[in-house]
Amino acid sequence: MHEWSLAEAILASAKQVAEQEKLKEVTEVTIKVGELQQIEPPILRFALTQLKPELFKKTKFHILKAKSTLKCRVCATTWQFNLKKLDKATAEAIHFVPEASHSFIKCPKCGSPDFEIVTGRGVWLEDMKGAK
Ligand SMILES: [Zn+2]
């Protein structure tokens with residue numbers, strides 16, 4: 001059900017942007033979802049199409065996954081984390097419990113499991129197109 005409240009929040013902020021830009025209709029909305037965020041894009045897309053107000057009647061919603069950037073707390077190395085490079089079971093464990101990532105991922109330079117997630121969480125509006 002998480003996806004439904006997210007869809008509401010996305011539509012609310014997209015509507016704000018549309019009002020600021022004085023758009024009569026919104027044709028495209030691009031949403032980025034952090035790779036470590038627990039979101040199912042198909043459910044989010046469904047929620048968006050069910051909830052969308054008049055302004056978004058013709059809108060195409062693009063939902064993109066954003067890569068994660070991790071930073072080692074020991075040696076300050078930052079690296080890109082690719083969920084696809086992990087085996088499926090590990091990737092799923094991380095997807096459902098982001099906190100579990102600390103038991104699977106280690107710094108490529110010093111091997112420390114102590115890192116922070118710089119990007120890879122959250123959901124944001126990346127782009128919007130519309131007609132005035
Ligand atoms: Zn390190």
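Look up: the structure comes first, before these words.
Summarised in this report is the structure supplied together with it. Quantities reported herein were computed from a predicted structural model and do not represent experimental measurements.

### What about the side chain of Ser68?
Alright, step 1. By secondary structure assignment, the location of Ser68 is in strand β3 (residues 68–72).
Alright, step 2. The class for Ser68 is buried, based on a relative accessible area of 0%.
Alright, step 3. Within the local environment of Ser68, its side chain forms a polar contact with the side chain of Glu35, the two groups lying 3.2 Å apart.

### Considerations on the sheet that holds β3
Alright, step 1. Across the sheet, which stays open at both edges, the 3 strands sit in the order β4-β3-β5 with antiparallel pairing between neighbours. Each edge of the open sheet is held by one strand with a lone partner, namely β4 (78–81) and β5 (115–119). With direction set aside, neighbouring strand axes in the sheet form an average angle of 35°.
Alright, step 2. Of the pairings in the sheet, the one linking β3 to β4 comprises 4 bridges and is antiparallel in character. Considered in β4, the bridge of Lys71 is made with Thr78.

### Thoughts on the packing of aromatic side chains
Alright, step 1. Taken as a whole and judged by the stated rule, the model has 2 aromatic pairs.
Alright, step 2. With 5.9 Å between their ring centres and 85° between their planes, Trp4 and Phe46 make a pair best called edge-to-face. With Trp4 in helix α1 (residues 2–20) and Phe46 in helix α2 (residues 41–51), the pair connects residues that are 42 residues apart, well separated along the chain.
Alright, step 3. Judged by its relative accessible area of 25%, Trp4 falls in the partly exposed class.
Alright, step 4. Aromatic pair Trp79 and Phe115: ring centres 6.0 Å apart, planes at 70°, arrangement edge-to-face. Here the residue Trp79 occupies a position in strand β4, and Phe115 occupies one in strand β5, the gap between them amounting to 36 residues.
Alright, step 5. Here Phe115 falls in the buried class, since its relative accessible area comes to 1%.

### Some thoughts on unusual backbone geometry
Alright, step 1. One non-glycine residue, Lys22, lies in positive phi territory at about 55°.
Alright, step 2. On the secondary structure map, Lys22 appears in the loop between α1 and β1 (25–34).
Alright, step 3. Under the relative-accessibility criterion, Lys22 is labelled exposed at 64%.
Alright, step 4. A positive phi angle is found at Ala76, which is not glycine, with a value near 65°.
Alright, step 5. Position of Ala76 relative to the elements: it lies in the loop between β3 and β4.
Alright, step 6. By relative accessible area, which is 48% here, Ala76 ends up partly exposed.

### Quick word on the environment of Ile31
Alright, step 1. Looking at the secondary structure, you find Ile31 in strand β1.
Alright, step 2. What makes Ile31 buried here is its relative accessible area of 0%.
Alright, step 3. Once the C-alpha coordinates of Ile31 and Ile10 are considered, the two residues, 21 residues apart in sequence, prove to be 8.3 Å apart.

### Points about the sheet that holds strand β2 (residues 60–66)
Alright, step 1. Read from one edge of the open sheet, 3 strands run β2-β1-β6, paired in mixed fashion. Pairing within the sheet leaves two strands with one partner each, and these edge strands are β2 and β6 (123–131). Taken pair by pair, the neighbouring strands of this sheet meet at an average axis angle of 15°, ignoring direction.
Alright, step 2. Note: β1 against β6, 8 bridges, orientation antiparallel.

What counts, and at which threshold
- Counting starts from 1 at the beginning of each chain's written sequence and moves along it residue by residue.
- Owing to the predicted nature of the model, reporting of local features is limited to residues with pLDDT of at least 70; listing and counting of side-chain atom pairs is limited to 80 or more, with chain, interface and lining totals taken over all residues.
- Heavy atoms throughout the structure, all of them, feed into the side-chain values; hydrogens and water do not.
- Secondary structure elements follow DSSP: runs of H or I no shorter than four residues count as helices, runs of E no shorter than two count as strands, and numbering proceeds from the N terminus.
- For the exposure calls, accessible area comes from a 1.4 Å probe over protein chains only, and a residue counts as buried if that area is under 20% of its type's maximum, exposed if over 50%, partly exposed in between.
- Under the rule applied, a polar contact is a pair of N or O atoms within 3.5 Å (in protein, one hydrogen donor and one hydrogen acceptor; residues adjacent in sequence only if both atoms are side-chain atoms).
- Should DSSP find at least two bridges between two strands, the strands are regarded as paired.
- The convention used is that axes are lines fitted to C-alpha atoms, helices contributing only their stretch in contact, and that angles between N-to-C directions extend from 0 to 180 degrees.
- The aromatic pairing rule takes the rings of Phe, Tyr and Trp, using the six-membered ring of Trp, and pairs them if the centres are within 6.5 Å, calling planes under 30 degrees apart stacked, those over 60 edge-to-face and the rest tilted.

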